[in-house]
Each structure stands twice: as C-alpha cells, then as structure tokens.
Amino acid sequence: MKAALHVGVDSPLLIEEVTLREPGPGEVVVEMNAVAVCVTDVLATEGLTLVPPPFITGHAGTGIVRAVGPGVTRTRTGDRIATAGSAECNLCYPCLQGTPSSCDEIFGGMVPPREVGVRSDGNAVYVDGGVGALAEFMVLRESGIVTIDADISIEQASVLGCGVISGLGAVFNVAGVQPGWSVAIVGCGHLGLWMVQAARVAGARTIIAIEWDPARRSLAADLGATHLVDPADGDPVQQVKELTGGRGVDAALEAGGTTLAAEQAFAMARGGGVVVPTSMAQPTDSITLNALDFGVGAKRISSSQTGGGHLKRDIPLYAAMLENGIIDSTHIISKTFTLDDVNAAFSAARNKEVITGVVRF
Ligand SMILES: [Zn+2]
Ligand SMILES: [Zn+2]
C-alpha cells in the first residue's frame, strides 16, 4: 500500500510502497478515505516530534475498518471510523483522573515509536503521534478511533479528530463558556473558526474574532462572530477592551499559532476570566505575561489538548451536530488534494493558503 513517508527534514514527503504488518492485540486495520492536514503534521515534518524518521504522519482522518486484531471489542469490520491525535485507553492515570485527552497513549505512540510496517528495503516504518493516517491502509489502536454513525461526508468525518474536537472542546470543555458570556478568539482559521461556532452554540452574547486575513474575518462573521478585529487597525488587546467597556472578555481563546497571540489572549481576558491557549510552539519558545496581571488578575489559564475532550463521548456528538447543521464545515474545508499532492497540501497548510486542506484517497 502507498503512504506519505517522512524521511528527514531536508526531504519532501515521499509517496512510497510500505508493507503493513498484521494488527496486534487491541489494533485494527483501516482503509483510509480522507485525512485532514493539520499544522501539527507539518510541524512534525519540520522536526517537532519525538518520533524518528522514517515515519508516516497525519493524525486526523476517516476510513473503513477492514480487519480487527485480538481483543478488539467495540469495533467491527465494516465500521466507519474517525481517528484523532490522542488515543484514550481508559486505564492510565490521566484517563482515570477524567482527563483522557492527556492519556499516556499519546506518548505510547511516540516513545517508543509505533512500528507499523517496513519499506521495500526492509527497514522499519513508524507513525507520528501513534496514528500515521496518510496511508491507503493503517494499523490503528482501537483506543484512538471512534465509530461514526452520522450521515456526514467523508471530508466532514476527516476533520472531526482535529479542528472540530479541538476547537469545540476548547470552548465547551476547557473554557466552559456560559450563555451570555463575552468571548474573544485570537486567530480564526483551521481551529478558531470552530471556536467561533462553539461560542455561538454555547450562547455567548459577544463573540470577537481577531484575525489578519479579511476573508477569514468575513467567514468568522458568517459563522457567528458579532465583532471583527483587524490587528492592522491597532493593538488587538486595546480593541477588545474598547468593545467590552474597558473590562476585557469573560473568555479569551488563542488559536493563532504564535506566542504573541497567547500573550494577547491573556491580556484581553477580564479579571477573573478564562484564558485558553491551544497552539503548539517550538520547545525553545517562551511567552511574557504582565506579572501583576498574572499574580492578582485571578485569571484561570487552562491550555487545551484535543479540546479537553473524551473521544468516544464527544466525537459522536459533534458528528451529529454537523449532520444537523448546528455547526458548518462548508467553507472551512477549503480544498481537497490527492495523496500524490500531499506536499502541496502541507505547504498550503503551512502558508495558510487554505483553512483546512483534506487529502482524499
Ligand atoms: Zn489513558
Ligand atoms: Zn490537528
């Protein structure tokens, strides 16, 4: 079967034949139908991962189960599934503490890396983040997949385990946005546009979208933003304060992918408000916060891994919300690619030429 193989930071992804191994205990073989390209996948190919090359990247996708290994209980051959970047084993310490989005299986997919097959030269092939969805077939852990019954498109199913669960979950689970709240979202793309919709669904009265790109700002307005802030018009923190009577917002969520966006989100939350950073920075990056505001601002800072979600609880709900039109992916999934065009899909995600690009098999 063909897969998009990362062989080193100086090489583009190679479309190569990989011989997949048989599923082991608790594993299934999935014929992949589509994969949503996430900046996390791009960063992995730039070296921001614990997995050594050669590896197959891609963490959010959808496909059909074609074989099940021993001990698989929830999943049957023929099931349509979605996969996400964080598995949940329901057995490890974080899972038992009610925080399965921090399941030990995240690192169990990276250290030691999961080997899923061999290249034509006989050398082992690993998968990034324990998933490796950018392949025609993949051996996946049952703990990291969810069966999808909702009548939604393949493209919609592919984004469930990425922007949808992370964006909606950041608002519902992590920030805990309540009806009537004011909410600011710093960065309205692949993730932020789902946050805008979640804030609307949660009943926020004021939803401020902060975004440089005019097309994305206008899409944010279509999806529920009540106020649009262009950073080119001046300090976004000041603009948000002006829109909220000088107080700041009840919840500020960062989806801009920069340390500056995280600093701005902290500064624009009101005293006693909630701040949710979500972006993956480089290991050497730091952020600077005002010490007085940090010390006595009584702000709750709660970062977000996979939207603080429970895969098996949340993904079916979000799939049903897509099916019923409560949330909309129409303009968020802005381009589809073939597996042979995977490098174009990655550079489009890297350069923000698409909101979400989906690779279709
Ligand atoms: Zn676990
Ligand atoms: Zn993602």
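What you see is a predicted model; the values in this text were computed from it and never measured.

Chemist: Just give me the short version of the coordination of the zinc ion (ligand 1), but keep the residues and values in it.
Modeler: Here the zinc ion (ligand 1) is held by Cys89 (SG), Cys92 (SG), Cys95 (SG) and Cys103 (SG), and the distances to it run 2.3 to 2.4 Å. Taken together, the 4 donor atoms coordinating the zinc ion (ligand 1) and their angles of 105 to 119° define a geometry best described as tetrahedral. We note that the donor set of the zinc ion (ligand 1) lies within a single chain, spaced as C-x2-C-x2-C-x7-C. Of the two residues, Cys89 is situated in the loop between β7 (80–83) and α2 (93–96) and Cys103 in the loop between α2 and α3 (105–108); the sequence distance between them amounts to 14 residues. The same class applies to Cys89 as to Cys103, namely buried.

Chemist: A description of the pattern of salt bridges should follow, citing residues and the corresponding values.
Modeler: Evaluated as defined, the whole model comprises 13 salt bridges. Residue Glu27 is joined to Arg21 by a salt bridge in which the shortest nitrogen-to-oxygen separation is 2.7 Å. Assessed through its relative accessible area of 9%, Glu27 is described here as buried. Put simply, Glu27 and Arg114 hold a salt bridge, and the shortest N to O gap is 2.7 Å. With Glu27 in strand β4 (residues 27–37) and Arg114 in the loop between α3 and β8 (115–118), the pair connects residues that are 87 residues apart, well separated along the chain. The residues Glu27 and Arg114 share a single accessibility class, namely buried. Because the salt bridges share partners, they merge into one network encompassing Arg21, Glu27 and Arg114.

Chemist: Before we move on, could you go through the pairing of β8 and cite the residues and values that matter?
Modeler: Taken together, the 2 bridges between strand β3 (residues 19–20) and β8 define a ladder with antiparallel strand orientation. Across the sheet, the residue bridging to Thr19 is Val118, located in β8. As paired strands, β8 and strand β9 (residues 124–127) are joined by 3 bridges and run antiparallel to one another. Looking across to β9, one finds that Gly117 is bridged to Val125.

Chemist: Got a sec to walk through the coordination of the zinc ion (ligand 2)? Specific residues and values, please.
Modeler: Protein-derived ligands of the zinc ion (ligand 2) are Cys38 (SG), His59 (NE2) and Cys162 (SG), with the metal-ligand distances lying across 2.2 to 2.3 Å. Between consecutive donor residues of the zinc ion (ligand 2), the sequence gaps follow C-x20-H-x102-C. One end of the pair, Cys38, is in the loop between β4 and α1 (39–45); the other, Cys162, is in helix α4 (residues 154–175), and 124 residues separate them in sequence. Each member of the pair, Cys38 together with Cys162, is buried.

Chemist: Outline the domain arrangement of the protein, supporting the account with residue identities and numerical values.
Modeler: Domain assignment breaks the protein into domain 1 (2–147 + 330–360) and domain 2 (166–304). Averaged C-alpha coordinates put domain 1 and domain 2 at centres separated by 29 Å. With 11 residues of domain 1 at the contact, the number on the domain 2 side is 13 residues. Per-residue buried area on domain 1 facing domain 2 is highest for Leu48, Ile332 and Ile355; these three make up 56% of the total on that side. At the boundary of domain 1 with domain 2, the tally comes to 0 salt bridges.

Chemist: I'd like a description of the sheet that holds strand β15 (residues 249–254), backed by residues and values.
Modeler: Overall, parallel pairing links the 6 strands, which are arranged β14-β13-β12-β15-β16-β17 in an open sheet. Since the sheet does not close on itself, it has two edges, and those belong to β14 (227–229) and β17 (300–301), each with one partner. Two elements, strand β13 (residues 206–210) and β14, share 3 bridges in a ladder whose sense is parallel. What sits directly across from Ala209, in β14, is Leu228.

Chemist: Go over the sheet that holds strand β5 (residues 55–56) with me, naming the residues and quoting the values.
Modeler: Taken in spatial order, the 6 strands line up as β2-β1-β5-β9-β8-β3 in an open sheet, and their pairing is mixed. Strands with a single pairing partner mark the edges of an open sheet, and in this sheet they are β2 (14–17) and β3. Where β5 lies against β9, 2 bridges are found, and the strand directions are parallel. Its bridge partner being in β9, Phe55 is matched across the sheet by Tyr126.

Chemist: Before we move on, can you summarise unusual backbone geometry with the specific residues and values?
Modeler: Residue Pro54 is bonded to the preceding Pro53 through a cis peptide linkage, with omega at 0°. With respect to the helices and strands, Pro54 occurs in the loop between α1 and β5. Here the phi dihedral of Asn90 falls at roughly 65°; this positive angle occurs in a residue that is not glycine. Within the secondary structure, Asn90 sits in the loop between β7 and α2. The phi dihedral of Thr306 is positive, around 50°, even though this residue is not glycine.

Procedures and definitions
- Residues numbered from 1 in each chain as written.
- Chains lettered and ligands numbered in written order.
- Predicted model: local features only at pLDDT ≥ 70, side-chain atom pairs only at ≥ 80, totals over all residues.
- Heavy atoms only, no water.
- Donors = N, O, S within 2.8 Å, 3.2 Å for Na, K, Ca; no water.
- Tetrahedral: all angles 85-135°; square planar, octahedral: opposite > 155°, others 65-115°.
- Helix = DSSP H or I, 4+ residues; strand = E, 2+ residues; numbered from the N terminus.
- Buried < 20%, exposed > 50% of the residue type's maximum accessible area, 1.4 Å probe, protein only.
- Salt bridge = Lys/Arg side-chain N within 4 Å of Asp/Glu carboxyl O.
- Pairing = 2+ DSSP bridges.
- Domains from an automatic or database assignment.
- Contact = heavy atoms within 4.5 Å.
- Buried area = accessible area lost by both parts, 1.4 Å probe.

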